[in-house]
Amino acid sequence: MEGVDHLAHERNKSEFDVDAMKIVWAGSPHAFDVSDRISKLVASDPGFRKDNRSTLSRKELFKNTLRKAAYAWKTIVDLRLSEEEAAKLRFYVDEPAFTDLHWGMFIPAIKGQGTEEQQQKWLPLAYKMQIIGCYAQTELGHGSNVQGLETTATFDSQTDEFIIHSPTLTSSKWWPGGLGKVATHAIAYARLIVGGREHGVHGFIVQLRSLEDHSPLLGITVGDIGMKFGNGAYNTMDNGVLQFDHVLDVYSIAFASIAVMLWVSQVTCEGKYKQSDVPRQLVYGTMVYVRQTIVADASCALSRAVCIATRYSAVRRQFGSQNGGPETQVIDYKTQQSRLFPLLASAYAFRFIGEWLKWLYADVTQRLQANDFSTLPEAHACTAGLKSLTTTATADGIEECRKLCGGHGYLCSSGLPELFAVYVPACTYEGDNTVLLLQVARFLMKTVSQLGSRLSSKKPVGTIAYMTRVEHLMQCRCGVQRGFAELSADLVEAAVAHCQLIVVSKFIEKLQQEIPGKGVKQQLEVLCNIYALFLLHKHQGDFLSTGCITPKHAALANDELRSLYSQVRPNAIALVDAFNYTDHYLGSILGCYDGNVYPKLYEAAWKDPLNESVVPDGYHLYIRPLLKQEIRTARL
Ligand SMILES: CCCCCCCCCCCCC/C=C/C(=O)SCCNC(=O)CCNC(=O)[C@H](O)C(C)(C)COP(=O)(O)OP(=O)(O)OC[C@H]1O[C@@H](n2cnc3c(N)ncnc32)[C@H](O)[C@@H]1OP(=O)(O)O
Ligand SMILES: Cc1cc2nc3c(=O)[nH]c(=O)nc-3n(C[C@H](O)[C@H](O)[C@H](O)COP(=O)(O)OP(=O)(O)OC[C@H]3O[C@@H](n4cnc5c(N)ncnc54)[C@H](O)[C@@H]3O)c2cc1C
């Protein structure tokens, strides 16, 4: 029945202060207030409806996304929302769109790599959305290998301008989000050529479309690259293709190359190229920034899937009826708990590692401003490795949550198929996960060669086994005289182990902080132990081979895991309530707050367009003749 909380009995079992946990999850009372207010604002506005996406054609879907983006912007302006509130609104609108790249990459690139002059020129226009930007780095022929990009930017000292050109088919920009149909400007990455000499890949701001009628400018060929994985999903985004035909940057008074030129290099008016003495990898700065935001995104996506699967596991009953009594809640099966609760623990673990990574990125950014590059290698390795680890675990976790919901998990109305389809490219964009782990492996090899076997210093005691595992994996690989490429598959395993060590150690450090609320810290300790012991169980071969645990330890760890699952069980619903997601944001009948699943599933079925008529289109043309044997049947 509507209005009845079918999960009330579960909520009454909670052993901790859920409201206090909501603050921990949000990060602060202020952050909770903003999230809570904005999520409810979005949920209550029919203009942000999203339950019909899977029934729209690509063009209807895209036009609806443009409508929503414009409506969101109007809401932000009318309500005078702050930058933080506006970002939250775009998050809870929950629709991949060009705005993600405008706000998530184009503006950060200018802020992070532009000179004062260029920031003053471009940021006011971008903040007012008087220009719409995208990040055009990847090409048809190159994505991972940035130094392999083919687009050229040739400085013409006669006109004091750059000529941007796509010399080959494979140099076509390919994939940039927002590029296909909306962006008016791009930060385009191209090989800088000055005076006939090439100086590697640099970023340039290039106008793509007229601000009068949105038509592509002279020399610009631009369009969408076509349908992507899943029906609705990421097809709300116009990932584009772009070719430059000797485009002269004639649409802005002064050449607007972003000042990665100034940071990393300069081209003087006399056409002289000046390489400054900063690491050339600063040109990759925007990618590092986005990678750390993707880690925070992972905790959001995984927690969403876990919330759905946990609530449904408490609602669903299957087998186990005694004398006609109720069947067993599937959340009480040990197999369901052993699949679900490590994902619940991972969601919290990724939340806290995301907080730490945000601090690390802010710290390295501050150091860079003082020309201190000492922590840049570690920041690169951490952002690359943790982006890889958390997105792989989250994509796999969303799929596991779908399976944990049985058949109904495969319905669009469960919210899980679309969440999976929207999320999985995170394992590829912003750096293919294997390519990024190879960067971590390279960093570890360098660290081992510099520090000897002791890879990591000052880690919490509870991580000794994890630390020893990484060192052992590295020694096994570095010890043998074979090249990096030959050992790369093994080194990637060591890179994963290193990233898992970081996640576990930061979870333990989080627990050393003051955490208010009855029972809150105790619940987090249980989740931290689940995360650490689950990984130890999953990779026990590594741990046993280090000798730092024995088979008996491994067996005890498994026994402890079962005990920890029993401790989580009465608190599971409260732990996912702490994410404070509205039913609108979850977009899932299986995960609805009141647990009133079956009536909602049944009602939703009849809304499918196929049920607009009891006799389907096509019956008279195809089925009736079949049934009436009016079609000559093959001689049997
Ligand atoms: C339901 C919720 C989901 C959300 C739904 C909607 C969301 C929508 C938003 C989506 C937002 C994302 C959109 C996607 C955008 C993109 O994909 S942008 C393009 C991303 N592309 C990449 O990431 C390319 C990956 N490749 C690289 O980064 C580089 O090519 C490389 C692999 C790092 C190699 O670079 P290279 O120049 O060849 O360097 P190396 O020779 O390997 O190394 C040289 C040294 O430089 C160091 N280094 C490398 N990179 C960095 C760096 N970024 N920072 C600092 N240092 C770096 C490297 O460690 C080497 O150091 P030494 O060993 O000391 O020499
Ligand atoms: C949804 C989506 C949105 C995107 N948005 C943008 C955007 O806005 N802007 C933008 O510029 N780009 C964007 N991209 C492109 C994205 O950044 C690239 O696809 C990504 O960097 C991977 O590069 P690639 O496609 O060249 O993969 P490849 O490198 O071709 O990967 C193919 C396979 O080769 C392997 N491989 C590659 N190099 C090595 C190596 N050295 N050693 C071992 N294995 C290797 C990879 O692990 C992978 O298994 C987007 C992509 C997607 C899917």
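Reading the values: the criteria
- Residues numbered from 1 in each chain as written.
- Chains lettered and ligands numbered in written order.
- Predicted model: local features only at pLDDT ≥ 70, side-chain atom pairs only at ≥ 80, totals over all residues.
- Heavy atoms only, no water.
- Near = heavy atom within 4 Å.
- Polar contact = N/O pair within 3.5 Å; in protein donor to acceptor, adjacent residues only side chain to side chain.
- Areas by Shrake-Rupley, 256 points an atom, 1.4 Å probe, with all protein chains shown as cover.
- Helix = DSSP H or I, 4+ residues; strand = E, 2+ residues; numbered from the N terminus.
- Nonpolar A, V, L, I, M, F, W, Y, C, P; charged D, E, K, R; others polar.
- Phe/Tyr/Trp six-rings, centres within 6.5 Å; stacked < 30°, edge-to-face > 60°.
- Buried < 20%, exposed > 50% of the residue type's maximum accessible area, 1.4 Å probe, protein only.
- Expected span 1.5 Å × (residues − 1).
- Arc of directions from axis to C-beta.
- Contact = heavy atoms within 4.5 Å.
- UniProt positions renumbered as here; feature names shortened; annotations may be inferred.
- Pairing = 2+ DSSP bridges.
- Axes fitted to C-alpha atoms, helices over the stretch in contact; angles between N-to-C directions.
- Parallel < 35°, antiparallel > 145°, perpendicular 65-115°, else oblique.

## Description of the site of ligand 1
Line of reasoning, step 1. Ligand 1 sits among 30 residues. The nearest are Ser144, Tyr284, Glu430, Arg442 and Lys446.
Line of reasoning, step 2. The backbone of Ser144 places a nitrogen or oxygen atom 2.7 Å from a nitrogen atom of ligand 1.
Line of reasoning, step 3. Protein coverage of the free-state accessible area of ligand 1, which is 1300 Å², stands at 81%.
Line of reasoning, step 4. Those elements that provide at least two residues to the shell around ligand 1 are helix 6 (98–113), helix 9 (285–315), helix 11 (376–404), helix 12 (416–423) and helix 13 (433–451).
Line of reasoning, step 5. Looking at the shell around ligand 1 element by element, the count peaks at four residues for helix 13.
Line of reasoning, step 6. Looking at the shell around ligand 1 residue by residue, the classes come out as 15 nonpolar, nine polar and six charged.

## Re the packing of aromatic side chains
Line of reasoning, step 1. Applying the stated criterion across every chain yields a total of 23 aromatic pairs.
Line of reasoning, step 2. Here the aromatic rings of Tyr135 and Tyr189 are separated by 5.1 Å at their centres, their planes lie at 50°, and the arrangement is tilted. Of the two residues, Tyr135 sits in strand 1 (residues 133–136) while Tyr189 sits in strand 5 (residues 185–194), which places them 54 residues apart along the sequence.
Line of reasoning, step 3. Residues Tyr602 and Trp606 carry aromatic rings whose centres are separated by 5.9 Å and whose planes lie at 70° to one another, so their mutual orientation is edge-to-face. Of this pair, Tyr602 and Trp606 both sit in helix 21 (residues 597–606), separated by four residues, roughly a single helical turn.
Line of reasoning, step 4. The class for Trp606 is exposed, based on a relative accessible area of 51%.

## Re the site of ligand 2
Line of reasoning, step 1. Near ligand 2 there are 20 residues, and of these Tyr135, Thr138, Ser144, Gly177 and Asp432 occur at the shortest range.
Line of reasoning, step 2. Between ligand 2 and Ser144 there is a distance of 2.5 Å, counted from an oxygen atom to a side-chain nitrogen or oxygen.
Line of reasoning, step 3. One of the backbone N or O atoms of Gly177 is found 3.0 Å from an oxygen atom in ligand 2.
Line of reasoning, step 4. Relative to its free-state accessible area of 970 Å², ligand 2 is covered by the protein chains to the extent of 63%.
Line of reasoning, step 5. Examining the composition of the shell around ligand 2, we find that three residues originate from one element, helix 13, more than from any other.

## Section: helix 7 (residues 116–127)
Line of reasoning, step 1. Taking 1.5 Å of rise per residue, 12 residues should cover 16 Å, and helix 7 covers 16 Å from first to last C-alpha, within 8% of that figure.
Line of reasoning, step 2. Within the sequence span of helix 7, burial applies to Gln118, Gln119, Trp122, Leu123 and Ala126. All buried residues of helix 7 fall inside an arc of 105° around its axis, so they share one side. Seen from the open side of helix 7, the exposed residues pointing more than 90 degrees away from its buried face are Glu117 and Gln120.
Line of reasoning, step 3. Looking at the buried positions of helix 7, the neighbouring elements they touch are helix 6, strand 5 and strand 6 (197–207).
Line of reasoning, step 4. Taken from the residues just after helix 7, Met129 is the one with a positive phi, measuring 55°.

## Re the environment of Ser374
Line of reasoning, step 1. Assignment of secondary structure puts Ser374 in the loop between helix 10 (334–369) and helix 11.
Line of reasoning, step 2. Accessibility expressed as a relative area gives 54% for Ser374, which makes it exposed.
Line of reasoning, step 3. Spatially, the C-alpha atoms of Ser374 and Ile225 are 40 Å apart, while their sequence positions differ by 149 residues.
Line of reasoning, step 4. A distance of 2.6 Å separates a polar atom in the side chain of Ser374 from a polar atom in the side chain of Asp372.

## Overview of the UniProt feature "binding site: FAD" (unreviewed entry) in the chain
Line of reasoning, step 1. In the numbering used here, UniProt assigns the "binding site: FAD" (unreviewed entry) feature to Thr138 and Gly177. Taken together, the annotated residues stretch across 40 residues yet fold into one region, lying no more than 10.5 Å apart by C-alpha.
Line of reasoning, step 2. Its location among the elements puts Thr138 in the loop between strand 1 and strand 2 (152–156).
Line of reasoning, step 3. Assessed through its relative accessible area of 25%, Thr138 is described here as partly exposed.
Line of reasoning, step 4. When neighbours within four sequence positions are excluded, Thr138 is seen to be in contact with Gly143, Ser172, Lys173, Trp174, Trp175 and Pro176.
Line of reasoning, step 5. Position of Gly177 relative to the elements: it lies in the loop between strand 4 (173–174) and strand 5.

## Some thoughts on the pairing of strand 3 (residues 161–165)
Line of reasoning, step 1. Burial analysis of strand 3 places four of its five residues in the buried class, the great majority of the element.
Line of reasoning, step 2. Direction of pairing for strand 2 relative to strand 3: antiparallel, over a ladder of five bridges. Residue Thr154 lies in a different strand from strand 3, and its bridge partner there is Ile163.
Line of reasoning, step 3. The antiparallel hairpin formed by strand 2 and strand 3 contains four residues in its connecting segment, where Asp160 sits at a positive phi of about 60°.

## A word on the packing of helix 13 against helix 15 (residues 484–511)
Each pair of packed helices can be described by the angle between their axes along with the distance between the axes.
Line of reasoning, step 1. Put simply, helix 13 and helix 15 touch, their axes get as near as 8 Å, and they point 90° apart. When the axis of helix 13 is compared with that of helix 15, the two are roughly perpendicular. Here Leu437, Leu438, Val440, Ala441, Arg442, Leu444 and Met445 of helix 13 lie close against helix 15, whose contacting residues are Phe484, Ser488, Leu491, Val492, Ala494, Ala495, Val496, His498 and Cys499.
Line of reasoning, step 2. Of the residues assigned to the contact of helix 13 with helix 15, the class counts are 13 nonpolar, two polar and one charged.

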